[in-house]
Amino acid sequence: MAGKKAAKLPRETYERELLRLQTELVKLQEWVRAEGARLVVVFEGRDAAGKGGTIKRVAEHLNPRVARIAALPKPTERERTQWYFQRYVEQLPAAGEIVLFDRSWYNRAGVERVMGFCTKEEHQLFLRQCPIFERMLVEAGVLLRKYWFSVSDTEQQERFRRRMEDPLRRWKLSPMDLESITHWEAYSRAKDEMLVHTDISEAPWHIVESDDKRRARLNMIAHLLSSVPYHEVPPPVLELPRRPASTGYQRPPRDLQTYVPDHAASL
């Protein structure tokens, strides 16, 4: 978003439009399932840029058997000896599936490059191979969408502060997250170099301005929907069957089973 910073989106407007877009995501899901399509959505960006919250809203009403989130931990010793893309290939969707990558193979272009977790040669090899890898996916029929969530340094630090003070969100903050503050320019240079090599016509990058989380979520979801040629699939006709007549079943006495205490009654 260029120019003057837009006002924060009102919550009522946000929630109304989010519900509409999530309804469309369900239609997209049913189209993917009916057509046997394979959809991959890559979420990348700085720490606290809003990726996780957006993924949560995308997946909130989707069938976990169709749409799943791939958030891989650090590679094991064995995985470190594999071809770099190998463990990500295992996460790719089969026909009728959607995979949302909460960070992806682009770890090598970002945190691994900046924090020294890979060599310069490994980083350069990644930049050469990544466009080839992604072209192979697209040529094989995978719908690949890549989003970079862009957050300002002042907003990132404010989000870090809020996480430190909130016991429900403190788990989101790691020492490496805080260390990223001191490497802001290094991450910026790494991101710029990544875009030069991997912003290809077959799988372009889409930048999401995310200082306003509400706008970022709506903008990203709306763009994803507009980029896929889905259509509404008529749902199967369902009819609630009649309950058959009783054959004499009686429920066992309640005192034979252990029930959860009624905590709500104490409120």
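Calculation criteria
Residues numbered from 1 in each chain as written. Predicted model: local features only at pLDDT ≥ 70, side-chain atom pairs only at ≥ 80, totals over all residues. Heavy atoms only, no water. Pairing = 2+ DSSP bridges. Helix = DSSP H or I, 4+ residues; strand = E, 2+ residues; numbered from the N terminus. Axes fitted to C-alpha atoms, helices over the stretch in contact; angles between N-to-C directions. Contact = heavy atoms within 4.5 Å. Expected span 1.5 Å × (residues − 1). Buried < 20%, exposed > 50% of the residue type's maximum accessible area, 1.4 Å probe, protein only. Core = buried A, V, L, I, M, F, W, Y, C linked by side-chain atoms within 4.5 Å. Salt bridge = Lys/Arg side-chain N within 4 Å of Asp/Glu carboxyl O.

A few words now on the sheet that holds strand E3 (residues 97-102). If you trace the 5 strands from one edge of the open sheet to the other, you get E2-E3-E1-E4-E5, paired in parallel fashion. Every other strand in the sheet has two partners, leaving strand E2 (67-70) and strand E5 (205-209) as the edge strands with one partner each. Taken over all neighbouring pairs, the strand axes of this sheet differ in orientation by 20° on average, direction set aside. Bridging between E2 and E3 involves 4 bridges; their strand directions are parallel. Of the residues in E3, the one forming a bridge with Arg68 is Val99. Set on the sheet, helix H10 (residues 213-227) makes contact with strand E1 (38-45), strand E4 (143-150) and E5; between it and E4 the angle comes to about 160°.

Here the focus is helix H1 (residues 11-35). Since the α-helix turns once every 3.6 residues, residues separated by three or four places project in the same direction. A rise of 1.5 Å per residue sets the reference length of H1, with its 25 residues, at 36 Å; its end C-alpha atoms lie 35 Å apart and thus fit the reference within 8%. Of all the positions in H1, only Tyr14, Leu18, Leu21, Gln22, Glu24, Leu25, Leu28, Gln29, Trp31 and Val32 are classed as buried. Tucked into the core, H1 has its buried residues touching E1, helix H2 (51-59), E3, E4 and H10.

Now for the nonpolar core. Formed by 32 residues in total, the largest nonpolar core has its most connected members in Leu28 and Met220. If you list the elements that add at least two residues to this core, you get H1, E1, H2, E3, E4 and H10. If one sorts the elements of this core by residue count, H1 sits on top with 7 residues. Setting aside residues no more than four positions away along its own chain, Met220 makes contact with Val41, Phe43, Thr54, Val58, Tyr147, Phe149 and Val208. One finds Tyr84, Tyr88, Leu137 and Ile200 within the second-largest nonpolar core, a separate group that totals 25 residues.

Across all of its chains, the model carries 20 salt bridges by this definition. One salt bridge in this structure joins Glu30 and Arg33, with 2.7 Å as the shortest N-O distance. Here the residue Glu30 and the residue Arg33 both occupy positions in helix H1, the gap between them amounting to 3 residues, near one helical turn. By relative accessible area, Glu30 is classed as partly exposed at 25%. Taking the relative accessible area as the measure of exposure, Arg33 reaches 41% and is therefore partly exposed. One salt bridge in this structure joins Lys146 and Glu134, with 2.7 Å as the shortest N-O distance. Taken as a pair, Lys146 in strand E4 and Glu134 in helix H6 (residues 120-139) lie far apart in primary sequence, 12 residues in all. Of the residues examined, Glu134 reaches a relative accessible area of 0% and is grouped as buried. Each of Glu155, Glu158, Arg159, Arg161 and Arg162 takes part in one network of salt bridges that share partners.

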